[in-house]
Every structure is written in C-alpha cells, then in structure tokens.
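Below, each chain spelled out in residue letters.
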Amino acid sequence: MMGWFGLNFQRLHILNYVAIGSFLISITACESKKANFLKAEVVQLAPPRIEVDSLLFNKTAHFKLFTGSNEANIRYTLDNSEVTSGSPIYIAPIVVSTTTHLKVKAFHPDFNASETVKGTIIQMKKDISGASVSVTPEAHENYKANGPNTLIDGRKGGVNFRNEARWLGFQTAETIINLDFSDSEPMEKVLVGLLQDHGSWIFLPDAIEVTTSGKSIGKLKLEPSENGESKKMGFTEVPIEKGEYDQITITIYALNGIPEWHPGKGTMPWTFVDEILIE
C-alpha cells in the first residue's frame with residue numbers, strides 16, 4: 001500500500017470514535033448549553049474504512065466507504081492527490097475501471113479531520129496464470145496456500161491471513177520466485193503483493209530484485225518499517241529495464257532481523273507474499 005486509528009449531558013448520542021494522542025476513545029455529544037470541557041480542536045475523527053469487492057480486477061471494481069458517524073462527511077480522491085475539505089464527498093458506492101490510488105478522510109465542522117486512509121485497486125493488465133512458477137525455499141508448512149501457483153492465480157489475499165489460503169509465508173533471509181513464460185512478455189515493472197502485520201512478526205522486506213538470465217534488470221530498496229504502524233497489505237512496484245522477457249527471477253530479501261523497537265527484536269521476521277503482476 002498501504003495511519004490507521006465523560007461528561008454530564010442531556011439527550012446523549014455517540015458522535016464518533018476519535019484519536020487523542022495514542023488513545024482511541026468515544027466522544028459523547030448532546031444538545032445542551034452546558035460547557036463542553038473537551039476542546040474541539042484537540043479531537044480528531046477516526047479514519048474511515050474502505051471496503052472493496054476485489055483489490056485485483058479485470059474490467060471494473062466497486063468500493064464503499066464507511067465512517068463511525070453519520071454526521072461526518074467522507075471526502076476522497078482517486079488520483080493519489082491529497083484529500084482536502086474541497087474534495088468530492090462520498091455519497092454512494094463508486095465504480096472504477098482502471099488502476100486507482102484512493103485516499104479518504106473524514107471531516108466534521110466541529111472537529112479535526114481524520115488521518116488519511118490509502119488504498120490501491122489494481123487492474124490486471126496481463127494474465128500470467130499460464131506461466132510456470134517455482135519458489136525457493138518452499139513456503140512454511142502452515143502458510144503454503146495452494147503452492148507456488150497461488151502467486152499467479154489472480155486472487156488477492158486479505159489482512160486476515162490465518163483465515164485464508166491466499167498467502168505464502170516464509171521465515172528465511174531470501175525468497176526466490178522464478179517465472180517462465182511460454183512467449184516473451186513486454187514489461188517495464190513487476191508488482192509484488194506483500195503483507196505487514198507487526199503483531200504477528202510479519203514485516204515488509206528490505207529489498208526486492210528482478211533478474212533475467214543472471215542479469216539484474218531492477219532493484220528496489222524499501223523504507224524501514226516504523227513502530228506503531230498497523231496491519232496493511234498492498235503491492236510493491238519494482239521498475240525494471242523495459243523490454244521483452246520470457247523468464248524473470250524475483251528475489252525478496254528479508255530484513256536481517258526484527259527492529260529493536262519490537263518485542264521480537266533480532267530474530268528473523270516473516271515474509272508473506274501473494275500475487276505477482278507484470279506491466
């Protein structure tokens with residue numbers, strides 16, 4: 001991908017969940033003339049939730065947006081630009097027919113806007129389900145999904161990896177994915193589906209490299225994970241030398257160890273991979 005977060009009144013109703021510092025609390029509002037001892041400027045709305053029928057699609061995809069209060073407006077952009085108070089207001093489910101970089105925020109006149117929630121909905125431009133795929137080493141016994149073909153079946157896993165047979169899990173320094181195509185395929189980028197879940201010791205890798213016939217054609221160094229980041233999944237895009245290739249090898253380099261700020265510091269993190277795309 002892809003921040004993710006009592007008073008005595010009459011006629012109470014729940015306005016929303018809001019973040020103050022590092023805490024998530026519920027704020028109660030009412031129709032009363034008594035003083036509100038919690039200043040509005042220190043209250044931040046909780047971020048909206050994105051629901052999409054599929055992160056991968058061939059022709060069209062639908063997404064819905066939800067917030068914790070009917071009194072807050074959700075505003076959004078579809079071109080990766082920042083969301084402002086002038087951005088379109090979400091009213092009904094939206095249909096997209098091309099790869100879309102979605103950003104959303106909740107707004108209310110009496111409170112601070114929420115943090116931005118991001119999401120990318122990807123149109124599969126090439127069907128590589130017929131390719132021959134192998135993975136070294138084999139995925140862990142508990143997280144092997146449907147084997148290497150899981151990576152090219154066009155079915156994206158979610159963040160609840162334990163409830164789905166969509167992710168391949170590895171606890172190794174390197175994960176090597178080899179793809180052989182029946183014909184040469186024009187391409188200029190490779191997209192690798194990855195999961196992050198620090199609570200389950202799953203971290204984004206340190207780097208990803210793409211080679212063909214032993215020659216490196218693209219490498220990406222990822223930004224280090226930060227303490228406090230929540231679960232997220234998405235595609236990491238690796239630019240490669242533009243050309244036609246009948247074979248590519250994708251090497252995923254895990255972190256040398258879990259960062260110092262984590263309870264599992266120094267141990268080998270998990271790497272979870274699902275779906276490889278080429279463009």
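Just so it is clear, the structure is predicted and the values come from calculations on it, not from any experiment.

What counts, and at which threshold
- Residues numbered from 1 in each chain as written.
- Predicted model: local features only at pLDDT ≥ 70, side-chain atom pairs only at ≥ 80, totals over all residues.
- Heavy atoms only, no water.
- Pairing = 2+ DSSP bridges.
- Helix = DSSP H or I, 4+ residues; strand = E, 2+ residues; numbered from the N terminus.
- Axes fitted to C-alpha atoms, helices over the stretch in contact; angles between N-to-C directions.
- Core = buried A, V, L, I, M, F, W, Y, C linked by side-chain atoms within 4.5 Å.
- Buried < 20%, exposed > 50% of the residue type's maximum accessible area, 1.4 Å probe, protein only.
- Contact = heavy atoms within 4.5 Å.

Q: Go over the sheet that holds strand E7 (residues 73-77), please, and point to the residues and values.
A: The strand order across the open sheet built from four strands is E5-E10-E9-E7, with neighbouring strands paired in mixed fashion. Both outer strands of the open sheet, strand E5 (56-57) and E7, are each paired with one neighbouring strand and no more.

Q: Which residues make up the sheet that holds strand E6 (residues 61-66), and what values go with them?
A: Ordered by their spatial adjacency, three strands build an open sheet running E4-E6-E8, and the pairing between neighbours is antiparallel. For this open sheet the edge positions go to strand E4 (49-52) and strand E8 (94-96), each flanked by a neighbour on one side alone. Looking at each pair of strands side by side, their axes are set apart by 30° on average, direction ignored. Sheet analysis places E6 next to E8, joined by three bridges and oriented antiparallel. Bridge pairing in E8 places Ala61 opposite Val96.

Q: Please provide a residue-by-residue account of unusual backbone geometry, values included.
A: That bond from Thr136 to Pro137 is cis: its omega, -5°, falls within 30 degrees of zero. With respect to the secondary-structure elements, Pro137 resides in the loop between strand E11 (132-136) and strand E12 (168-170). Unusually for a residue other than glycine, Ala145 sits at a positive phi of about 45°. Looking at where Ala145 falls in the secondary structure, it is placed in the loop between E11 and E12. We note that Ser213 has phi near 50°; this positive angle belongs to a residue other than glycine. Its place among the elements puts Ser213 in the loop between strand E14 (207-212) and strand E15 (215-221).

Q: Can you lay out the nonpolar core for me, pointing to particular residues and giving the numbers?
A: Soluble globular proteins: nonpolar side chains tend toward being buried together. Counting residues in hydrophobic clusters, the biggest one holds 30 residues, and the most contacted among them are Ile177, Val190, Val192, Ile248, Ile250, Val273 and Ile276. Looking at this core, the elements that each hand over two or more residues are E11, E12, strand E13 (174-196), E14, strand E16 (232-253) and strand E17 (271-278). Here this core takes seven residues from E13, the largest share from any one element. Apart from the residues within four sequence positions on either side, Ile250 is in contact with Thr175, Ile176, Ile177, Leu179, Val190, Val192, Ile208, Glu209, Val210 and Ile276. Of all hydrophobic cores here, the second largest spans 13 residues; its members include Tyr76, Val96, Leu102 and Val117.

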